[in-house]
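Summary of the model geometry
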Amino acid sequence: MSKDVIQNVCVVGAGTMGRQIALNAAINGYNTALTDTMPEILAAVAKWASEYLAGRVAKGKLTQGLADTAMSRFKIIDRLEEAVKDADLIIEAIVEKLDIKRSLFEQLDRLALPHAILATNSSSFVSSRIADATKRPDQVANLHYFNPALVMEVVEVVQGAHTSEKTAEKLVEFVESLNKTPIWLKKEIDSFVVNRLLGAIYKEAMFLVENGYASPREVDIGSEKGLGHPMGPFRLMDLVGLDVAYLIRKERFATTGLEEHRPPKILEEKYMKGEYGKKTGKGWYDYN
């Protein structure tokens, strides 16, 4: 197999996003390894994947044969060096902490095949803040999926000044092979396209609630019924995680120093209380 063709994929980070990114690749024909530093997370993934595929079969979305084939391609591996050894594309989906990401990319650079692309799923950090931790910056880019990654049709490919045209083109082709639609950004910008648009909506939505003009429910009704959005901003924040929403804004404020990027007080209060949305049972709405 030519090293210009992506055949083997590795996803590092088996949390909510990483496991979906990996299973999506396996369903679409890629030999996929998933790894994580936390054994308890990896232990839960096989059951989750099996149940997800069974559900798709039950709904007529997949044949049993395709589900079995996808599961056979989906490997859960606890050692990083073993997981990445054959990968043509490695996708990082770990915690949004820059120092931890840089440390990982330094490791990946040493362990991965020379031609392997090293991509980050991060929307908090453009890849130019990570690429110099490697000796292959031209093979580093953002490959940003949206939650739920198994369902959402758009993936952003962000080509930094350090990223080669060949790398970006291969990532665009990879996204298309997943039956998803790529958004190819030819220049880096914080938060990319979708989250910048969403951020403007979030900001205005929280302004309306924080200043007593409307409740989260009323704003969501306006978004869903008035603008035709499938999900209002507060329901969406609860789905994605208020911790993610808060930390992204906190990082952007720290980076830019612009007051307009400071996290709203009502979001900070939710974060401090540990009310992260559906994952904790409470966010803007109560799920208990």
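Relevant structure appears above.
Described below are features of the structure shown in this document. (Residues numbered from 1 in each chain as written. Predicted model: local features only at pLDDT ≥ 70, side-chain atom pairs only at ≥ 80, totals over all residues. Heavy atoms only, no water.)

**Some thoughts on the packing of helix α10 (residues 242-256) against helix α11 (residues 265-273)**
- Remark: α10 packs on α11, axes separated minimally by 9 Å, with the N-to-C direction vectors making an angle of 125 degrees. On the basis of their axis angle, the class for α10 and α11 is oblique. Crossing of α10 over α11 shows left-handed handedness. The residues of α11 that touch α10, namely those facing Leu 242, Asp 243, Ala 245, Tyr 246, Leu 247 and Arg 249, are Leu 267, Glu 268, Lys 270, Tyr 271 and Met 272. (Axes fitted to C-alpha atoms, helices over the stretch in contact; angles between N-to-C directions. Helix = DSSP H or I, 4+ residues; strand = E, 2+ residues; numbered from the N terminus. Parallel < 35°, antiparallel > 145°, perpendicular 65-115°, else oblique. Left-handed = near helix turned anticlockwise from the far one by under 90°. Contact = heavy atoms within 4.5 Å.)

**Thoughts on the sheet that holds strand β7 (residues 154-158)**
- Judged by pairing direction, the sheet is mixed, and its eight strands sit side by side in the order β3-β2-β1-β4-β5-β6-β7-β8 without closing on themselves. The sheet is open, and its two edges are formed by β3 (74-76) and β8 (181-185), each paired on a single side. Taking each pair of neighbouring strands and ignoring which way they run, the sheet shows an average axis angle of 25 degrees.
- Pairing of strand β1 (residues 8-12) with strand β2 (residues 31-35) involves five bridges; the strand directions are parallel. Its bridge partner being in β2, Asn 8 is matched across the sheet by Asn 31.
- This element, helix α6 (residues 165-177), spans β1, β4 (89-92), β5 (117-120), β6 (140-144), β7 and β8 of the sheet and lies at about 160 degrees to β8. (Pairing = 2+ DSSP bridges.)

**What about the environment of Leu 178?**
- Tracing the chain through its elements places Leu 178 in the loop between α6 and β8.
- Under the relative-accessibility criterion, Leu 178 is labelled buried at 4%.
- Spatially, the C-alpha atom of Leu 178 lies 33 Å from that of Gly 222, the residues being 44 residues apart in sequence.
- Beyond its immediate chain neighbours, meaning those up to four positions away, Leu 178 contacts Asn 24, Ala 25, Asn 28, Tyr 30 and Tyr 145. (Buried < 20%, exposed > 50% of the residue type's maximum accessible area, 1.4 Å probe, protein only.)

**Section: the layout of surface pockets**
- Within this model, the second largest pocket holds a volume of roughly 260 Å³.
- Taken together, 14 residues make up the lining of the second largest pocket; nearest its centre are Asn 24, Asn 28, Arg 56, Leu 150 and Leu 178.
- The residue makeup of the lining of the second largest pocket, split by class, is seven nonpolar, three polar and four charged. (1 Å grid on protein atoms, 1.4 Å probe; cavity = no way out; pocket = protein on both sides within 12 Å on 5 of 7 lines; lining within 4 Å. Points joined across faces, edges and corners; volume = space filled by probe spheres on them. Nonpolar A, V, L, I, M, F, W, Y, C, P; charged D, E, K, R; others polar.)

**Examining empty space enclosed by the protein**
- Across all of its chains, the model carries one cavity of 30 Å³ or more by this definition.
- In this structure, the largest cavity spans a volume of roughly 70 Å³.
- Ser 123, Ser 124, Phe 125, Val 126, Arg 129, Asp 190, Ser 191, Ile 248, Glu 251, Arg 252 and Thr 255 together form the lining of the largest cavity.
- In terms of residue class, the lining of the largest cavity is made up of three nonpolar, four polar and four charged.

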